[in-house]
Each structure stands twice: as C-alpha cells, then as structure tokens.
Amino acid sequence: MQEKPRAYDHKEIEAKWQKEWAKTGIYTTKDGANGADGEGGASEGAEKQKCYVLDMFPYPSGEGLHVGHPKGYIATDIYSRFKKMSGFNILHPMGWDAFGLPAENYAIKNKVHPRIAVEKNIARYKEQLSIIGFNYDWTREINTTDPAYYRWTQWIFLKLLEKGLAFQSYEPINWCPSCQTGLANEDLDDGKCERCGSVVEKRPMRQWVLKITDYAEKLLEGLNDLNWPESIKESQRNWIGKSEGAEIGFPIEFQHGQKPGLIPVFTTRPETIFGATALIFSPEHLWVTLALDEKHKGVLNNADEVRAYVRQSAKKTEIDRTNIQNEKTGITLDGVWAINPATKEKIPVFVADYVLAGYGTGAVMSVPAHDERDFAFAKKFNSSIKEVVVPNIVDKRNPPVVGKKFVERKNIHAIVKDLQSGKYLALKWKNFDWTTFPMGGVEEGEDVVGAAMREVREETGFKNLKLVKVIDGQVRAEYFAAHKDENRIAYTTAVVFELVDHEKDEIKTAEKEQHDIIWIDESKINYENMTHAEANVWRERLLVEATSFAGPGVLINSGKFNGLDSSAEKTRVDIVAEVGGKIVTRYKLRDWVFSRQRYWGEPIPVIHCEKCGVVPVPEKDLPVMLPEVENYAPTGTGESPLAEMHDWVNVKCPNCAGAAKRETNTMPQWAGSCWYYLRFMDPKNSKTFVGAPQEKYWDPVDVYVGGAEHATRHLIYARFWHKFLYDIGAVATTEPFMRLQNVGLIHAEDGRKMSKRFGNVINPDDVVNTYGADTFRLYEMFMGPFNQSSVWDTKSIMGSRRLIERVWRLQEKVIISEESTQQSRDMGEGTDVKKPDIKKLENLLHVTIQKVGSDIESFSFNTAISCLMVLSRELENQTEISKTTWEIFLQLLAPFAPHLADELWAALGHHRSIHQSSWPVVDASKITQDTAKIIIQVNGKVRGEIEIAMDSSEERVKEQAFLQENIQKWLNGATIKRIVFVKNRLLNIVI
C-alpha cells in the first residue's frame, strides 16, 4: 500500500495540471482522417472516427461568468474527454460572439469603445474558463469581430446577394426606440425587444433582408432527420408555420365606378368563401398605404379617420393585436367595396389591426360564421354573418335505413325553460322509445321563431312564450324517421324560449295520443337521454355565448356545392377553381430583417452608385473593415453612425468608377454565429472560409449544447445559411448540427434568475477558489437532470467536495504490485483480517463501467456520478484496492474531475496524462445478474442505496427503501408527490 497521502490541496493540484496540459498541448486537435497524435486512446497512427463537440459560443459580457454559465461547458468537456478516451478524434473549440447590440450597449453605458470593451471582456471570460479545467483547443479560438473572420461573413453575404437571397426593402419593420435600431421578428419577445424589453414600433425604413422564406420547406423537412429535443423541433415547425390553402382574387370597386383590379387573399379554408361577408386589410397593407397618399384623393370618404387608425395600430404589439381576448378594433373604408367572387355580392372593406401584414397577403376574407376573430369583429361592427358549413351527424341509434327514400327538411327544435322549476319542456313518445323537444318542419313563409312557437302550441298547448334567442348555427342530421317510414336529412335550428306561465290551450287528440309532456333537468339535454342526435350540440351552444363554428361539416348556402363534405380535398379544389383561385402553400416565417442601424457590427459589403445601383464589393477588397469612430452611439434617425464617416463612406464605384457611397447599415449579431462552427474546422485558412478536406472530415457537428431560447433564432438562422452553402457547393452536408442537447438553467439560491439587479450572482471564481474546480464540476453535473432547471445551494456543494476527498484518501489502500496483493490475501487466511469479496467488487466495477459510459453518452451526468459514489463507497469498505481496479476507477472519474484523476494517475507511475489513456472495456462475464444496487434519492439527491434481487418490482423496492433509517429521516412525514422508478437502477422520491 502507498504511504498516507498529504492533505488534498485543490489549488496546488489544479494549477499544476492546467499548466501541464497547456505545456504538452494534449488538447490540440489534429486534422485529417487519422487524427492520431500518438497519445490518444486508439493505437498510434490508427484511423480514428471524428467527434465534433460544440458549445453555443458565448457573448462575452462585461459582467463575466456566473455559476450558471459553465454548466453546458462542463457537460461538453466531460463528453469530449470520454469520447477521446474512447478512441475518437475530438474537436472541442471555443470562441467569442462579440459583435452586436449587447457589446455596443455595454460600451455606451460604460463610455468605452466597443472594441476595447470586447477585448477586456474576452480576456476576463477566458481567465474564468481556464480555472475550471476545460479541454478546449485554444489554438482554434475565433472572434467574430476579427476582420480575418468577418471577411468570410461578408463573403457569404455576397453569395446570398448573388443568388437573389439578399435584397433591400422599404417596408415597415420592428423598431426598438431604446436600442434605436430595426429588429427581426425573431428578436422580439411578446412584442418587445428581447434585449432591452422596450415595446417595439412599426417604422418604414430602408433595410437589407435575407429571403429565409425561400428555405422554409427545406428547413421543415430537415428537422425529421435531426436528433434534437422534440420540443425544439416543434418550436421551429410552429415558427415556420406551414399552411396549405388557396390564393383568391377579390375584385375591388370604388364609389365612382372604378375597378382598379384584384386583391389577392390567402385562406386556409377556401370552402367557406360563400360565407365571406367582408374583406379586411391589415393597417400596413400596401393598398391601404396607396389609398391614403396624395395621388388618390377622393377614393375614401374617411381618409383622415383611416390615417389616424393606421397610426394608432402602429403603436400596438403583434401580441396585443392578435390576442383573441382583446376587443376587436377596425374602421371601414368608406367608398370602397369588394366583390365576393363566389356570390358576386358587394361586401364592405375594413382595415383591422387583428390582420397582420406578415400573414398570407395581408388581406383576409372575413367569414364570421366560421372564424372566431371574424365573428367577434362582425358582431362589433354589425357586419353580416352567413352560415355555409354546418355540423353533420349521423344518428347512431336511428341510422338511415338502406332502401328507404331520403327526404330533406328544414326543422326546428323548441327548447323551453320553465322559470319556476328551472326544468326544460320535453315530450315522451308513447309508440316509440323517444324523448324529444317539441319539434317540426318550417313551413313555407315561416321563420324559425314562428315555426317553433307553432310547434310548442300544437304539441303541448303552452301559448305564453318569451323568446330568449335563436341558437346560432344549424345542425345537419341524418336519421330514420320511423313514424314516417322514411330517411331524413334535417337541417335543424334550435330556438330557446322561457315559459311565461303555464296557461295553455287544449291540444288535438292526435297529439295527446302520440306523447306526454315531461320536464327534464338541464343535465339531461344530451344524446344519452334524448333522441335528438343534435342534443349534445344544443347543450354546448345553450351554455355559451354565440360564437362561430370552425369544424368540418356539410356545405350549405354554397350554390352547386351544397351538401358536399366541407373537409374533402376535392370540394376545396373545385371551389378554388370555380372562383379563379389557385392552391398555394404559405409560411408564417418572415424574411429575415438583416440590417442594424448601429455601429458595432460587420459592415455590409455593398456600394450604392447613382448610375449602377447596388454594387457588391469585389471579393479581392474584402474585408470591408469597420472604421474607428469617435461617436458610436446610435443616431435614432434610421442611419448608422457610420453615415458620418465621410472618408469611409465616399468611394468610387467598382463598376463605373463614379462617385458612390458605402452601405452604412451593419449586420446583426446573428451573422457571425451563423457559420462559426465551420471556421473552427479550419480557423487559419486565408484562402477560403473552410478548406474542403477539413469540412468534409469534421462536418456536421456531432453534439451541440446550448440553451433552448435559441430555438427560433440562431438555430433557424444557422440552418438556413448552412443549407444555402450546401446548395452552392461550399459544404458537403445539408444540416449543421446533428444532435442537440439543451442545458437547464441554474437559478440563484432565492429561486430567481441570477442578476446584478437582484444582488444574487454567484461568481464561479469564488466557488473554485474555496472548493476547487473538480468539486465545482461534479456539483453542477449532480444537481439534477442536465436539461432541467435547478437552484444553486451552496450547502449542498459539500457533498461533491466530500466525494473528492474520499477518492483522495482511497489511494492509501492501493496495492501497487499485484504480487503484493496476493501475498496480502494469503496473509489473511486464518486470521481476523476481512478478505475482500473479489467477485462482488468485479461485478460492481464492470456494472459501473457500463453505466457511466452509457450515462455520459446520454448526458445523464447526475446518475453517472451516483454510480461513481456507489463504487467509491464500496472501495472505501475494502481493506485494499488492486492497481488495476484503482486505474479503472480513476479513468471513469477522469472526465468529471480531470485534475484529481491526473494527479492520482501520475502517482501510480504513469508518464502520460490519464486523458490520453483508453476508456475501460466492460467484461460482460464479470457482471452477475443476481442482485442490483438501487440508488435511493429524495428530490433528486442521493440519500441511500439498497441491494435487492435483480428485476425487483417497484413495490418491493419501495418497501425496502422505506425501511432505511436514513430515508425515513429525509422523508420525516412529508407528503410524497410522486415516485420515479427505474428498474435495477434508481428510486427517486419526490416530496
């Protein structure tokens, strides 16, 4: 056995190994198919499979890291170390996303140039990261503000421009009054600037736009092949928002008889066009803008009012405008009508802010009977409501009889409530097992109310009725009417009355012989208790305010299409053809507003020439360098501060050599992060953005780790650029990131987000200084499932520290020589010395090898650490530990606690780092299946373990767990909310 070790000094040990790793360069990645560095887990010179592990690279803020930031970095470090020891050639780089609003706002606030601020912040971040012991290959470090880097960002923009995917637009965009710049839709959070929280405005402005919409379908299709969390893929699908529908032209007619043309309308429900009773424009619609300009005076009778409404709408967020709960606003375009192309009827035209310019064509046909928002709008503005789709129900108890004729009827059901009893009037039929409302057909010349009153009087004699309402919407029902021996197709309307009193007239004998009057509770108005197939619909509509019917059914009031299934594809196609429309696919995704009216960003490499128009900067002149300026604060005028840099702005046109000006808008922060993963593959290449051999070898990223908040920004943008680069032959793969792992947030001890504003930030430097980097790494990975949020608890970190110290003490028990180990065992024969159970230990050792490896692969770091804890306790119970067992244990620990592992590995006489050794191999023959060790957790923290028969049931495991004194102490009579059971592995009690 070794001598008793000195006290564990994390400061000395961690500084020693960080210096040694930097000196030997063991984390420097080798390019090429071999990837052999002579020191990896695979044999020297052998061909290695690559594994590209990437963090979403950080924006280096002036506030530095808090303990929540390194969580994802620790995870990728563990994973990449494990893969390297498993024989893979690893690329695990780090760089800085340093352009954009955050860096510039920080610089403005602190009165320091953005470049100087960024350099200082990067140095601080790098210092903080270095003490945690990451295996980054710093020879590949990149910075998006480096001209050698953004030269290629500009080159990619020029390629987008060349292919028609970059263009100038003058439409209203999202303007942040605080950041004083335009923003993309993806930069908004509930209609507010994601960075500063200000409510954005709509402001017409010149800007550059990227046609990401041209890639909407490719972006959707590509999701199917990605190993990403389903929630992230669904977020992207929803953001892209694919809709199948039709585009239909509505003719416009002015009050003086002019017919200026057709307004295209996109609808996902073209089958309802016969029910379109208004045309509604978004306030931003181009036609509205044109109708209000000076050239079109006299078109509108209320132009000033419309102009005021448009201005008011611009102050609202899209969230407010589209909130279904908010009261609808709008204004008619007095003097303008549209023509419904299906009915040829004139219908009014409105402007309403619940219609968005970015959806479809920015104009919608209003079908109030079948759309909730249109219904609310029609009710408020007294627009007509025309029903064209009704629910269709086939009576299951009285289905149509084959061979019997079908008779169509227009029916009423009279729903009469007795105010005294609160019950409803019904008829119990004598010759049939029926319970119905008073009912009957609507005769020629009758309206539904008159027909309903007549039926009540004829069938019950009650004559004093007060009309409450006609329930909106008919129901179509198919059934066999036994009393008439015929099949019926009934279009039924329900009319609701209150019974004023019980005064009634004598009814005919024939009616008395057919049914008795009964009274039923409201709860009995359903298909279970009544004969009406429509009963459930009436019950639902009786209890709610009038609304629209948005479901499928049968068409009515639709000319030659009456009676057809509204949801049938043929019905939709035929109606679209009938009105001269076309079937189209639309997307909710909007083109990417790519300009920022700010200083700190990549210059957009184009020149504006009065003669030649927009001229791309020649590739030989790239990069277009960002000039030094004295005043970099935003102007708020829609122009960047660069506009005042006349020596920089005024240039010669590359085409005609005439006077021209540079583009003064800059690129958004997202530009540099769209392709940075490619540059890591070949960061020093001055001839191209990435060499073909390097890209072919390393692409795509195998594991990408970062926050879920980037689902509909960076992750969509980067996929778009990558697919474009693939289309022009610049990369060999169609997707950049094959596997995505989201990292859960770490909240402060008070449960809130860590922020200087709250005074609850915990600096990782302090934690590492007090407890050590290895303890910090273990604790962050042990807090709970990696993708779930957790709360920092300084007291709990001592558990991870105790594990480190336990492992440090275990080296005392290690027998360096296997011969000595056997002698020691022999000496134990016939004495009181406890003999180790070799079989049991070998079983646990190889179970742990298997479990830790699979848990690292699945990012289940907390359970991997639990297994290491179990094994360390078993080793602690041993009188001696063989060198082989100890080496395997250290190798399993190495990805998690790299400094400690390398220190103990070197103490065994190894001259190369443990991180250059090979991952232990499981010996299946040494894994017995008789018993299983079950980790017992309370609220995700290990509080004990039990050994029990393999494959024991959850009930059996719970029974044994609850007998444990330590578990009882932690439960202490608390209410158990749920139990998570993983057979043969884990029981987690949530209280």
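### A short note on the pairing of strand β18 (residues 406-418)
Regular strands have side chains that alternate between both faces of the sheet.
Next, step 1: Note that β18 and strand β24 (residues 486-499) share 13 bridges and pair parallel. Residue pairing in the sheet places Arg409 in a bridge with Ala490 of β24.
Next, step 2: For β18 and strand β21 (residues 439-441), the ladder comprises three bridges, and the chain directions are antiparallel. The residue of β21 that forms the bridge with His413 is Met439.

### Overview of helix α15 (residues 569-578)
Next, step 1: Within the sequence span of α15, burial applies to Thr571, Arg572, Ile575 and Val576. Mapping the buried residues of α15 onto a view down its axis gives an arc of 125°, with all of them on the same face. Structural note: α15 exposes Lys570 and Ala577 on the side pointing more than 90 degrees away from its buried face.
Next, step 2: As for α15, its buried residues are in contact with β10 (242-254), β26 (554-555) and β27 (582-587).
Next, step 3: Positive phi appears at Gly580, one or two residues downstream of α15, with a value of about 75°.

### With respect to the sheet that holds strand β32 (residues 659-662)
Next, step 1: With respect to topology, four strands assemble into an open sheet ordered β30-β29-β32-β31, the strand pairing being antiparallel. Each having just a single partner strand, β30 (613-616) and β31 (650-652) make up the two edges of the open sheet. Strand-to-strand twist of the sheet, defined as the mean angle between neighbouring strand axes without regard to direction, takes the value 40°.
Next, step 2: Where strand β29 (residues 606-609) and β30 come together, four bridges link them in antiparallel fashion. Of the residues in β30, the one forming a bridge with Cys609 is Gly613.

### Description of the pairing of β24
Next, step 1: Burial analysis of β24 places 13 of its 14 residues in the buried class, the great majority of the element.
Next, step 2: Taken together, the five bridges between strand β22 (residues 465-470) and β24 define a ladder with antiparallel strand orientation. By the bridge assignment for β24, Leu465 is matched with Leu499.
Next, step 3: As judged from the seven bridges shared by strand β23 (residues 475-481) and β24, these two strands associate in the antiparallel manner. What sits directly across from Glu478, in β24, is Ile489.
Next, step 4: What sits between β23 and β24 in their antiparallel hairpin is a turn of four residues, with Asp485 showing a positive phi close to 55°.

### Focus on the pattern of salt bridges
Next, step 1: By the definition in use, this model includes 68 salt bridges.
Next, step 2: Put simply, Glu903 and Lys16 hold a salt bridge, and the shortest N to O gap is 3.0 Å. With Glu903 in helix α28 (residues 898-907) and Lys16 in helix α1 (residues 10-24), this residue pair connects regions lying 887 residues apart in the sequence.
Next, step 3: According to the relative accessible area criterion, Lys16 is partly exposed, its value standing at 40%.
Next, step 4: In this structure, Lys933 engages Glu945 in a salt bridge whose closest nitrogen and oxygen atoms are separated by 3.7 Å. Taken as a pair, Lys933 in strand β39 (residues 931-938) and Glu945 in strand β40 (residues 941-949) lie far apart in primary sequence, 12 residues in all.
Next, step 5: Lys933 sits in the partly exposed class, given a relative accessible area of 23%.

Here is what the cut-offs are and how they apply
- Residues numbered from 1 in each chain as written.
- Predicted model: local features only at pLDDT ≥ 70, side-chain atom pairs only at ≥ 80, totals over all residues.
- Heavy atoms only, no water.
- Pairing = 2+ DSSP bridges.
- Helix = DSSP H or I, 4+ residues; strand = E, 2+ residues; numbered from the N terminus.
- Buried < 20%, exposed > 50% of the residue type's maximum accessible area, 1.4 Å probe, protein only.
- Arc of directions from axis to C-beta.
- Contact = heavy atoms within 4.5 Å.
- Axes fitted to C-alpha atoms, helices over the stretch in contact; angles between N-to-C directions.
- Salt bridge = Lys/Arg side-chain N within 4 Å of Asp/Glu carboxyl O.

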